[in-house]
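Chain by chain, the residues run as shown.
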Amino acid sequence: GDAPAVIAKGGFSGLFPDSSDPAYSFAASNQDSAQWCDVRLTKDGVGICLPDIKMDNCTTISDLFPKGKKTYLVNGVSTTGWFSVDYNSIDLTNVTLLRAILSRTNRFDGSFTLVQVEVALSQYKAPAWLNVQHDSFYSQFNLSMRSYILSMSKQYTVDYISSPEVSFLKSLVGRVGRKTKLVLRFLDEGLVEPSTNQTYGSILKNLSSIKTFASGILVPKHYIWPVTADNYLQPSTSVVDDAHKAGLEIYAADFANDFALSYNYSYDPLAEYLGFIDNGAFCVDGLLTDFPITPLEAIGCFSNLNNTKADHGAPLVISHNGASGDYPDCTDLAYQKAVQDGADVIDCDVQVTKDGIPICMSSIDLMDVTTVASSQFASQAGVISDIKAVAGVYTFNLTWEDIANNLKPMISNPFGQISLSRNPRNRNAGKFMRLSDFLAFAKGKKLSGIMITVEHASFMAEKLGFGVVDAVIKAVDDSGYSKQSAQKVMIQSTNSSTLVKFKQLAKYNLVYKIDEVVKDAAPSSLADIKKFADAASVSIKSVYPESSNFLINQTNPLVKSLQSAGLPVYVYLLMNEFFSQPYDFFSDATSQINALVHKGGEGGGVDGLITDFPGTAHRYKLNSCRNMGDKTPYYMLPPQRGGLVGVIQDKAALPPAMAPEPVLTVSDVAEPPLPPVSNTTAPAPSHAPVEVSVSIPITAAVLVLCASLLI
């Protein structure tokens, strides 16, 4: 059948105030999505588009009319606020719109006036969807919503009319054009539909009766994919098939990229949309969303893909501590998920234990990534100023057996402070892995390579008497990797001295990680990097400069400079959580990936992606809209740098100007050689003392409290 419809709720309301001119204009620019208008009536019978019957929830009405607060019965419920029925349309001329969801940016607040329904129907050349709620409320003020809607449908093309009120839809049957679809909008199952006095859950059980006055139903998405109390998906219901069997179209509502998605989707909104249109069992007829660009991507480029296809071409997908967005860093489960999700390269951050065993651990401080703070080893916490300024329990404080048998991993939660926690059911799942375990696991998998990250090599050599470079080379040789060519061995470090040492002793693919935001690299620094590295990794902000989460109108030449020097460029660190992305990427990890990879124009043109969520990046490589040239859909083009900032009308609301990023110079790159190690062929003995300066007293009780807060 036809592709599912995409309905832009109040326009592109995920970015701009709901029902504002830029929201409608942005969503209607290519006419691929229907424009949703929540119709409200003014005192003089003029229709306006407004997401809430209480104007004070989404406009500046209370500032202009501070004495306008009233209390009315709305469907039998006493409701206090500012209402459109108390004002003539001329009174509302200077009322401006505010974001209805406070977690979104406030930089567009107060800049755009109300949009009348007639303007929405005539000016924005896109399919029109009028939603009517609280019909009986307006009749209290001698206003007829039915007459108004019929008048609009005769003057303009209205493609859809929806309402949660059965009597209102029945009153339109036979009075609107045959091409206008009437849709019953379902609210939560336990709420009562006012004209039938039945709950929506009860009405859902008699879909055949709906067919007598409507052509479709609009249901909250949890009607189709219910979730548990802790936000995990339950099995899908039969409501889609039931509706289709009754001859009804079914539309799903409540989509927004910046809402708390089920943990099953790994904070990937595109994956959620695919769950409703490309799951092998059913497909809804439409999606109501605050971010219409993402379902358009899902429908146009990501449906019916062969997700089992192996593709090790560009962009290279490199895991960051395995699939660390789904499982604790560097655990067996994180690595298994990364391979399952199609990573090209899996990685191991190498640390060393007290008994000289190289292990995979994303931090040298066990406080960051394990439950050590609530263990018997908490009392070993101390400050080592060469590593960090706060107290920690370090991998070299404990033996491998101490770690493996007494501690549990702890999932990373970079946005836990705003309640964007990762996979809480598995927050402590998985087993720690030695470097040898990691190499044995990776060998024979469908990977193009492995990446071993080495930091603190100088500290280990000088303070621990441990040669981490030699230990890594020995582990790689012992695993048999040196005798195969199917997978390349990559070594990454922020320290040029570490990579120089590797280059002297082995033939690996060496990656220099530039750990500061820079706009370019001086020719002399490029020449220096070429002496010891085969590739470079750079931060996202070096590719797409931003200010206060908005892209600025600046294109850094760094990527092209590195590539011109023969150095492939990998970008770090990609995360799916919407809070990690500038607004210009629409709270959509796939949109950000597309921009970073896109060659030419506004694109970043990188060669690889280092990510906590390799599944999202792998799926991008399979999309059907790649390599389309001039025929690439607009929703698969990178955003204009600084374009979104240009929509901000209030100069006081503009993001602050950013100081120019520096250029990478030779002095930033060059380092003295690694210090010699007293015993470079054998690990430090388990009885070797480690100097730790405990500069502040920390009790085990305090550490247990800290751990409980983190967990």
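Residues numbered from 1 in each chain as written. Predicted model: local features only at pLDDT ≥ 70, side-chain atom pairs only at ≥ 80, totals over all residues. Heavy atoms only, no water.

Counted according to the given criterion, the structure contains 21 salt bridges. Of the charged contacts in the structure, one is a salt bridge between K221 and E272, with a shortest N-O distance of 2.8 Å. You can see K221 sitting in the loop between strand 12 (216-220) and helix 9 (239-245) and its partner E272 sitting in helix 10 (residues 269-277), a full 51 residues away along the chain. Note on K221: relative accessible area 16%, which makes it buried. Judged by relative accessible area, which is 4%, E272 ranks as buried. (Salt bridge = Lys/Arg side-chain N within 4 Å of Asp/Glu carboxyl O. Helix = DSSP H or I, 4+ residues; strand = E, 2+ residues; numbered from the N terminus. Buried < 20%, exposed > 50% of the residue type's maximum accessible area, 1.4 Å probe, protein only.)

Bringing the domain arrangement of the protein into the picture now. Domain assignment breaks the protein into domain 1 (5-38 + 121-303) and domain 2 (316-363 + 433-668). Here domain 1 and domain 2 have C-alpha centroids that lie 40 Å from each other. The interface of domain 1 with domain 2 comprises 24 residues on the first partner and 23 residues on the second. Carbon and sulfur atoms make up 64% of the area that domain 1 and domain 2 hide from each other, which totals about 2,100 Å². (Domains from an automatic or database assignment. Contact = heavy atoms within 4.5 Å. Buried area = accessible area lost by both parts, 1.4 Å probe.)

Inspection of every chain in the model, using the stated rule, returns 34 aromatic pairs. Considering the side-chain rings of F12 and F291, the 5.8 Å spacing of their centres and the 80° angle between planes classify their relative orientation as edge-to-face. Here the residue F12 occupies a position in the loop between strand 1 (5-9) and helix 1 (21-28), and F291 occupies one in the loop between strand 14 (286-289) and helix 11 (293-301), the gap between them amounting to 279 residues. F291 sits in the buried class, given a relative accessible area of 1%. Among the aromatic residues, those joined into a ring-pair cluster are F12, F16, F26, F108, F291, F550, Y583 and F586. (Phe/Tyr/Trp six-rings, centres within 6.5 Å; stacked < 30°, edge-to-face > 60°.)

On to the state of the cysteines, then. Throughout the structure, instances matching the rule amount to 3 disulfides. Each disulfide pairs two cysteine sulfurs, and for C301 the partner residue is C625, the sulfurs being separated by 2.0 Å. Disulfide C301-C625: torsion about the S-S bond near -90°, hence left-handed. With C301 in helix 11 and C625 in the loop between helix 23 (614-622) and strand 28 (663-664), this residue pair connects regions lying 324 residues apart in the sequence. As far as the burial class goes, C301 and C625 line up, both buried. (Disulfide = S-S within 2.5 Å.)

By the secondary structure assignment, S448 is in the loop between helix 15 (435-442) and strand 19 (449-454). Overall, the relative accessible area of 15% leaves S448 in the buried class. Excluding its chain neighbours within four sequence positions, the residues that come into contact with S448 are H312, L316, D344, V345, A486, Q487 and K488.

What follows is about the pairing of strand 14. The alternating pattern of strand 14 places G286 and L288 and L287 and T289 on opposite faces, both of which are buried. Across 4 bridges, the pairing between strand 1 and strand 14 is parallel. In the strand pairing of strand 14, I7 is matched with L288. As judged from the 3 bridges shared by strand 13 (residues 249-255) and strand 14, these two strands associate in the parallel manner. Within strand 14, the position partnered with Y251 by the bridge is G286. Following the backbone out of strand 13, through helix 10 and into the adjacent parallel strand 14, one traces a crossover that is right-handed. (Pairing = 2+ DSSP bridges. Right-handed = clockwise from strand over helix to strand, strands pointing away.)

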